[in-house]
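Letter by letter, the chains look like this.
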Amino acid sequence: MSQNKTSHALEIDAIPAFDDNYIWLLHRGGKHAAVVDPGDADPVLQALSDRGLELRTILITHHHWDHAGGVPDLLRHYQARVYGPDDERLGDWNQACHEGDRVSLPELDLHFEVLDVPAHTRSHIAFHGHGLLFSGDTLFSVGCGRFFEGTPEQMQLAMDKLRQLPAQTAVYCGHEYTESNCQFALAVEPDNTALQARYAEVKALRSGGQRTLPSTLGAELATNPFLRTREPAVVAAAQEQDQRARAGSSTMATLRAWKDRS
Ligand code: ZN
Ligand code: FE
């Protein structure tokens, strides 16, 4: 009798890589697996062999080496499909995805919708489905990625897109930056009690060597200044840095410049 792949709950493991990256490993009781943003192949190969898994699918949020650098090596070991943004800086192994595309992982019975969320890079995408969001370096817990190839207006649009997702959506981002992000967020909103509580929780997790992810979109809406650029307290804090700041993208620009120099 064939194994019913949906009879097992989806498991999502964090594979730490480099100083503070997370590579997300998805599996469901069978032998097939997918990974998100494998910047390094070695820890992925180790995690797969530890669990007796075969890699079938690789999802890439953006072209940066710490998210995509492990792909060629992984493809030497496994025949996997690779879905990433439409960007010639990725190899010819990449199947380019665009806003609204549906990416299917049949072995895991998963289907993700692609969201265009540029600003960190010009072609950054996110994957959403099954109550999960893989946000790469666009949305971090209590922060967002630097605007290397995009504008504050683009990041504002990206945040406005992500904030439409259900509040219970689990947010899996690319880096463990939450503790330092909380410190900046508290400089913006010292009186935000949800943020104070998140910082206490994050400090306890980090001092125990534990990760702070996944977050939830609801928690991010309450604590992440880059999702809160229309909140009066956040706009007022931005105006203390730059009096031209107004609700929306100019507050986004001011917050990002402030964080980049802090
Ligand atoms: Zn990046
Ligand atoms: Fe990164």
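Shown above is the structure to which this text applies.
Residues numbered from 1 in each chain as written. Chains lettered and ligands numbered in written order. Predicted model: local features only at pLDDT ≥ 70, side-chain atom pairs only at ≥ 80, totals over all residues. Heavy atoms only, no water.

**Q** Explain unusual backbone geometry here, please?
**A** Leaving glycine out, the prevailing phi sign among residues is negative, and the prevailing peptide bond configuration is trans. That bond from Leu-213 to Pro-214 is cis: its omega, 0°, falls within 30 degrees of zero. Along the chain, Pro-214 falls in the loop between helix H6 (193–207) and strand S14 (215–216). Positive phi values are uncommon outside glycine, yet Ala-119 reaches one of about 150°. Within the fold, Ala-119 resides in the loop between strand S8 (110–116) and strand S9 (125–129). A positive phi angle is found at Val-142, which is not glycine, with a value near 65°. Counting through the fold element by element, Val-142 comes out in the loop between strand S11 (139–140) and strand S12 (143–144). (Helix = DSSP H or I, 4+ residues; strand = E, 2+ residues; numbered from the N terminus.)

**Q** What exactly am I supposed to notice about the sheet that holds strand S5 (residues 81–85) here?
**A** Pairing between the strands of a sheet is mediated by backbone hydrogen bonds and can be parallel or antiparallel. Spatially, S1-S2-S3-S4-S5-S6 is the arrangement adopted by the 6 strands of the open sheet, whose pairing is mixed. Only two strands of the sheet have a single neighbouring strand rather than two, namely strand S1 (11–17) and strand S6 (94–97). Taken over all neighbouring pairs, the strand axes of this sheet differ in orientation by 30° on average, direction set aside. (Pairing = 2+ DSSP bridges. Axes fitted to C-alpha atoms, helices over the stretch in contact; angles between N-to-C directions.)

**Q** Explanation requested: the sheet that holds strand S13 (residues 170–173) in the structure shown.
**A** Strands sit in the order S7-S8-S9-S10-S13-S14 across an open sheet of 6 strands; the sheet is mixed. Looking along the sheet, the strands with just one partner apiece sit at the ends: strand S7 (102–105) and S14. Across 3 bridges, S9 lies against strand S10 (residues 132–136) in antiparallel orientation. Bridge pairing links Phe-127 to Phe-134 in S10.

**Q** Got a minute to help me understand the environment of Glu-99 in this structure?
**A** Along the chain, Glu-99 falls in the loop between S6 and S7. We classify Glu-99 as partly exposed; its relative accessible area is 37%. Between the C-alpha atom of Glu-99 and that of Asn-21, which follows or precedes it by 78 residues, the distance is 25 Å. Every residue in contact with Glu-99, bar those within four places of it in the chain, is listed here: Val-114, Leu-115, Asp-116 and Lys-161. Looking at Glu-99, its side chain comes within polar contact range of the main-chain nitrogen of Asp-116, at 2.6 Å. (Buried < 20%, exposed > 50% of the residue type's maximum accessible area, 1.4 Å probe, protein only. Contact = heavy atoms within 4.5 Å. Polar contact = N/O pair within 3.5 Å; in protein donor to acceptor, adjacent residues only side chain to side chain.)

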